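What follows is the residue order along each chain.
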Amino acid sequence: MIDTKSSVSRAVELGVREATVLENSSIRVMIDDIGGMTPELSGNHSGGWINAHWMPWFRSTSSHPYNDSEHGSFWKSNLLYHISGAFPCIPNFGPGHIVDGVPVPPHGWTAGQKWRYVTSDAVTSDAVTSGVVTSNAAVGDTAAGNIANTDESSGALWALSVMESPNKGIPLSFSKIDVLVPGQAVYYTSIRVRNRGFQDIEICAAWHNTLGSPFLHEGCRISAAAEKWMTPPPGGEFDTTTRLALGAEFGSLSKAPLLRGGKEDISLVSAPIGYTDFAAGAVPRTAALTWLGVINPSLKMAYLTFSPGPGAAGEDDIVLYFNNLWMQYGGRPFTPWAPYEGGPDLTYCLGLENSISAYAYGLEFARTLRSLLGNPTTVKIPAMGQKTLRSGILFAPYDGAALDEGIGAVQGEESALVCSGKETVRFAADPGFRILRELENHHV
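Residues numbered from 1 in each chain as written. Predicted model: local features only at pLDDT ≥ 70, side-chain atom pairs only at ≥ 80, totals over all residues. Heavy atoms only, no water.

1. Considering the pairing of strand β30 (residues 416-420)
1) Next: Where burial is concerned, most of β30 is hidden: four out of the five residues are buried.
2) Next: Examined bridge by bridge, strand β29 (residues 409-413) and β30 share five bridges and lie antiparallel to one another. Each bridged residue has a counterpart across the sheet, and for Ala 409 the counterpart in β30 is Ser 420.
3) Next: Once β29 ends, the chain turns through two residues before running back antiparallel as β30.
4) Next: Inspection of the sheet shows β30 paired to strand β31 (residues 424-428) by five bridges, in the antiparallel sense. Paired with Leu 417 across the bridge in β31 is Phe 427.
5) Next: Counting the residues in the hairpin turn of β30 and β31 gives three residues. (Buried < 20%, exposed > 50% of the residue type's maximum accessible area, 1.4 Å probe, protein only. Helix = DSSP H or I, 4+ residues; strand = E, 2+ residues; numbered from the N terminus. Pairing = 2+ DSSP bridges.)

And the structure:
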């Protein structure tokens, strides 16, 4: 399919952050070098663009790097200084702590350190169709702060970035490919994790997708692959912010147990209500896809994250065994969520977080717990070996009332994601990640 509006470029966004922008006629994504943050994932809505991703009010607009002595009292961490949209969390999912004698930052190096942009390119549309990847002339590296050449192409667009662990005590390296495919409203990402050491390394991994205004609002519907859920046990960050019972297991988002008794349908997104909650859901071992999504019935748009599920993953796949919901509905009366300590929480967003982890309690906790709701909480990167995290984000309109009440099931076909609601909707996609794997073979 010819897409006359596809382009890949380098840009400088808010806070003088260097970024890569991939765009086709259906979807546009901005990917910051810092933390791989995606402050923009915009979908084409009736000829205009609407951004699904969270841009927090407290995100720094300064060109100065985070300095703990200067910024720590308000932002608390480098992560919160830059946070927005979706970002990868490896090897940690949760607060910063010491692991194997190494200080690991909140949500890991991939979410907090700067990725080194290497190159970007386009693939011919014939190559995409046939599955044979051939490249046009590369855009190449770009001087800091400058806009790169824009490669107008009818084919798939991709950009390559790399990162090394800053501490040899956990000798990991990361290669990331970001991809758009013509005719698809899907943003694909591959992160290859290499272990440069002589001992296996157990890690956590996650995609922290975070939705915000104008896409997210009261009345949106949450749907997930998970069939059993649990809230975190006492002793963590949600103890003082929760409306849900802590350490409670439940079988449906529609019947989540409340701290003060009764049940609540948390599949229905609420308005800001003064609570911040977390729930982890176990993806069935037979599932071909790990998926988690939100429907906005007013806009008639679907946001759906997906990755290889436990039932269909290959040996090299990092499997995300959990759907996690971070329901940030105004329960944090402290900075940076509030403008001052004890002030009103001004932050409204929803985290759709697919992971292999133990809640968001960190790598050391996950290593100790070993399993949650029958699923493993860590993945082993073999000595001198590698594994790859592959994922996609669909953000697309649908017709009528087909998905207004949420998504009951998602299945992958060769060239489509099939979503079942009131009616069945097929979205053009590559749920087998065939094109992503081809690009990995040639460029990672």
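Additional details are given in the paragraphs that follow.
2. Topic: the nonpolar core
1) Next: Counting 96 residues, the largest nonpolar core has Val 193, Ile 222, Tyr 303, Leu 350 and Phe 395 as its most contacted members.
2) Next: One finds Tyr 398, Leu 403, Ile 407 and Leu 417 within the second-largest nonpolar core, a separate group that totals 35 residues. (Core = buried A, V, L, I, M, F, W, Y, C linked by side-chain atoms within 4.5 Å.)

3. Section: the sheet that holds β29
1) Next: Spatially, β29-β30-β31 is the arrangement adopted by the three strands of the open sheet, whose pairing is antiparallel. Two strands close off the open sheet at either side, each with one partner strand: β29 and β31. Ignoring strand direction, the axes of neighbouring strands in this sheet form an average angle of 20°. (Axes fitted to C-alpha atoms, helices over the stretch in contact; angles between N-to-C directions.)

4. Section: helix α6 (residues 434-443)
1) Next: Buried within α6 are the following residues: Ile 435, Leu 436, Leu 439 and Glu 440. Looking straight down α6, one finds its buried side chains confined to an arc of 140°; they lie on one side. (Arc of directions from axis to C-beta.)

5. A look at unusual backbone geometry
1) Next: Here the residue pair Ile 90 and Pro 91 is connected by a cis peptide bond, since its omega of 5° sits within 30 degrees of zero.
2) Next: Along the polypeptide, Pro 91 turns up in the loop between β6 (87-89) and β7 (97-99).
3) Next: Residues Ser 213 and Pro 214 are joined by a peptide bond in cis, for which omega reads 10°.
4) Next: Locating Pro 214 in the fold gives a position in the loop between β14 (205-211) and β15 (221-224).
5) Next: Even without a glycine there, the phi angle at Lys 300 is positive, about 60°.
6) Next: Positionally, Lys 300 belongs in the loop between β21 (289-296) and β22 (301-308).
7) Next: Using a relative accessible area of 25% as the deciding quantity, one classes Lys 300 as partly exposed.

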